[in-house]
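Per-entry structural report
Listed below are the residues making up each chain.
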Amino acid sequence: MPVKIEDQKIQEQAAERAASHLPRRAVMNGVSLAGAAALIAAGTRTAAAADATPFPSHKRWKFVFVNHVTTNPFFVPTQYGIHDACALLGCDYQWTGSQTSNVSHMVNAMNVAIAGKADAIAVPIVDPTAFNAPTAKAMEAGIPVFAYNADAPANSPNKRLAYIGQDLFKSGYQMGEKIVKLVGSGEVALFIATPGQLNIQPRIDGAAAAIKKLGKGITYHEITTGPTVNEELTKIKAYYLGHQKVKGMFAVDAGSTQGVGEVMQQFNLAKKGIHAGGFDLLPKTLDLINEGHLDFTIDQQPYLQGFYTVMEMFMFMVSGGLVGPADINTGLKFIDKSSVKPYLDTKTRYEGNSPKPQVVARTGPIAG
């Protein structure tokens, strides 16, 4: 609908008044009152009047995502996030790496990407030193490198541009606080798939730190489960059968969390007063929470770890590096029986349990 002349004059006058109140610093930095007024006036236009393609034409940049467990169900939503962001921005991607957390395979995949002149590389830095050399090699070749899901230690010489993922130590610490409240005292098992890997080791370190500080009556044991779901379940079951006086079983990775829940279910341990929980939103884990076998799980939003990483890669490329990459914390959210129902009732690619693109409708107040 055309804008009336009277309305247009009102908009222009309002824009000029707003621009006249701009800080003097803005004007000194080259923002003219006329230019600011034009921008403010433009903001009153309908969305239909905006340019539908805000970015200029560009090549289909190829982004290579190296991963440590390429077939792990945890990363299904991550791959959907990568796919959706690339489709939105007109880019291509490759998903490669290792199926079994083999760091050498991951480094080889990075070197292949560098030799193939990838436009950008993303990698979970799961080892404190192994990725330093390939990262430096890529950056020297003009290929930006981003970390997702796991980051280099704070004192590392690794020069990756940004980290997109959960604050891992903090999430583990908060899980430790939850363990202390649930268990109180007694023996607790902390399960970890691959000790030393930086996507999960900071979590178990955080949990241990919280228990040491707050759980004076708790004795905890750290148990390695392995990189595959079947192996994890076997190790957890064996641990329980050998430690049936345990008061709590908790895990810091997706597969081990599901395994803990399955063992809790098999031996009806919740009714015996044993508590359990862990990380991530595997469909089976959500079912086990709903059935009362797990007390909680922690969401780190894997979809966003893919989507946001592509966004940062794209902005680096389209701006010639002027739009500086920034660390993004993808969050920490406890899911328990009181909050699990929406995850069970809605199947989406955002959680990895449906390939269907969709807008998920919601109503009612938003809980903080």
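Residues numbered from 1 in each chain as written. Predicted model: local features only at pLDDT ≥ 70, side-chain atom pairs only at ≥ 80, totals over all residues. Heavy atoms only, no water.

Thoughts on the overall build of the protein chain
Within the protein chain, the secondary structure is distributed over 13 helices and 12 strands. Long-range contacts, defined as pairs at least 24 residues apart, comprise 72% of the intrachain contacts of the protein chain with a sequence gap of at least 6. For the protein chain, the exposed area adds up to about 18,400 Å²; of that, 56% sits on carbon and sulfur atoms. (Helix = DSSP H or I, 4+ residues; strand = E, 2+ residues; numbered from the N terminus. Contact = heavy atoms within 4.5 Å. Areas by Shrake-Rupley, 256 points an atom, 1.4 Å probe, with all protein chains shown as cover.)

Quick look at the pairing of strand 3 (residues 120-123)
The side-chain alternation of strand 3 yields two buried faces, one formed by Ala120 and Ala122 and the other by Ile121 and Val123. Both strand 3 and strand 4 (residues 145-148) contribute to a ladder of 3 bridges, which runs parallel. Paired with alanine 122 across the bridge in strand 4 is phenylalanine 146. Handedness of the crossover joining strand 3 and strand 4 through helix 6 (residues 132-140) is recorded here as right-handed. (Buried < 20%, exposed > 50% of the residue type's maximum accessible area, 1.4 Å probe, protein only. Pairing = 2+ DSSP bridges. Right-handed = clockwise from strand over helix to strand, strands pointing away.)

A short note on the sheet that holds strand 9 (residues 275-279)
Sheet architecture is open: 6 strands sit in the order 7-6-8-9-10-12, paired in mixed fashion. Two strands in the sheet have a free side with no partner beyond their single neighbour: strand 7 (218-224) and strand 12 (333-335). Adjacent strand axes in the sheet meet at a mean angle of 20 degrees when their direction is disregarded. The sheet contact formed by strand 9 and strand 10 (residues 296-299) spans 3 bridges and is parallel. Across the sheet, glycine 277 pairs through a bridge with phenylalanine 296, a residue of strand 10. The strands that helix 9 (residues 229-242) touches are strand 6 (186-192), strand 7 and strand 8 (248-251); relative to strand 6, the one it contacts most, it runs at about 165 degrees. (Axes fitted to C-alpha atoms, helices over the stretch in contact; angles between N-to-C directions.)

A word on the side chain of glutamine 300
On the secondary structure map, glutamine 300 appears in the loop between strand 10 and helix 12 (302-318). Residue glutamine 300 is classed as buried on the basis of its relative accessible area of 2%. Separated by 2.9 Å, the side chains of glutamine 300 and glutamine 305 make a polar contact. Apart from the residues lying within four places of it in its own chain, the contact partners of glutamine 300 are Phe74, Asn149, Gln166, Arg203, Asp280, Gln305, Thr330 and Gly331. (Polar contact = N/O pair within 3.5 Å; in protein donor to acceptor, adjacent residues only side chain to side chain.)

Comments concerning the layout of surface pockets
One number sums up the size of the largest pocket: a volume of about 840 Å³. Taken together, 20 residues form the lining of the largest pocket, with Lys333, Pro342, Tyr343, Glu351 and Arg362 sitting closest to its centre. Of all the elements in the fold, those that place two or more residues in the lining of the largest pocket are helix 12 and helix 13 (341-345). For the lining of the largest pocket, the element with the highest residue contribution is helix 12, accounting for 3 residues. (1 Å grid on protein atoms, 1.4 Å probe; cavity = no way out; pocket = protein on both sides within 12 Å on 5 of 7 lines; lining within 4 Å. Points joined across faces, edges and corners; volume = space filled by probe spheres on them.)

Side note on the confidence of the model for the protein chain
Detailed reading of the predicted model is not advised wherever pLDDT is low. Scored by pLDDT, the protein chain comes out at a mean of 88, with 85% of its residues at no less than 70. Note on residues 1-7: pLDDT under 50 across the span, and 2 contacts to partners over four residues away in sequence or across chains. Counting contacts from residues 14-31, a segment whose pLDDT is below 50, to residues more than four positions away or on other chains yields 16 contacts. (pLDDT = per-residue confidence, 0-100.)

Section: the side chain of serine 256
Assignment of secondary structure puts serine 256 in helix 10 (residues 254-266). When its relative accessible area of 0% is taken as the criterion, serine 256 is described as buried. A polar contact is formed between the side chain of serine 256 and the side chain of glutamate 232, at a distance of 3.2 Å. Aside from chain neighbours lying at most four places away, what touches serine 256 is Phe191, Ile192, Ala193, Thr225, Glu232, Ile236 and Ala251.

Some thoughts on helix 5 (residues 103-115)
With 13 residues, helix 5 extends 18 Å between its outermost C-alpha atoms, agreeing within 8% with the 18 Å of an ideal straight helix rising 1.5 Å per residue. Regarding helix 5, the residues found buried are Val103, Met106, Val107, Ala109, Met110, Ala113 and Ile114. Taken end-on, helix 5 shows its buried residues confined to a sector of 155 degrees, consistent with a single buried face. Among the exposed residues of helix 5, those pointing more than 90 degrees away from its buried face are Val112 and Ala115. Where helix 5 is buried, its residues meet strand 1 (62-67), strand 2 (92-97), strand 3, helix 6 and strand 4. N-capping of helix 5 is provided by asparagine 102, with a side-chain oxygen placed 3.0 Å from the backbone N of serine 104. Phi turns positive one or two residues past the end of helix 5, at lysine 117, with a value near 60 degrees. (Expected span 1.5 Å × (residues − 1). Arc of directions from axis to C-beta.)

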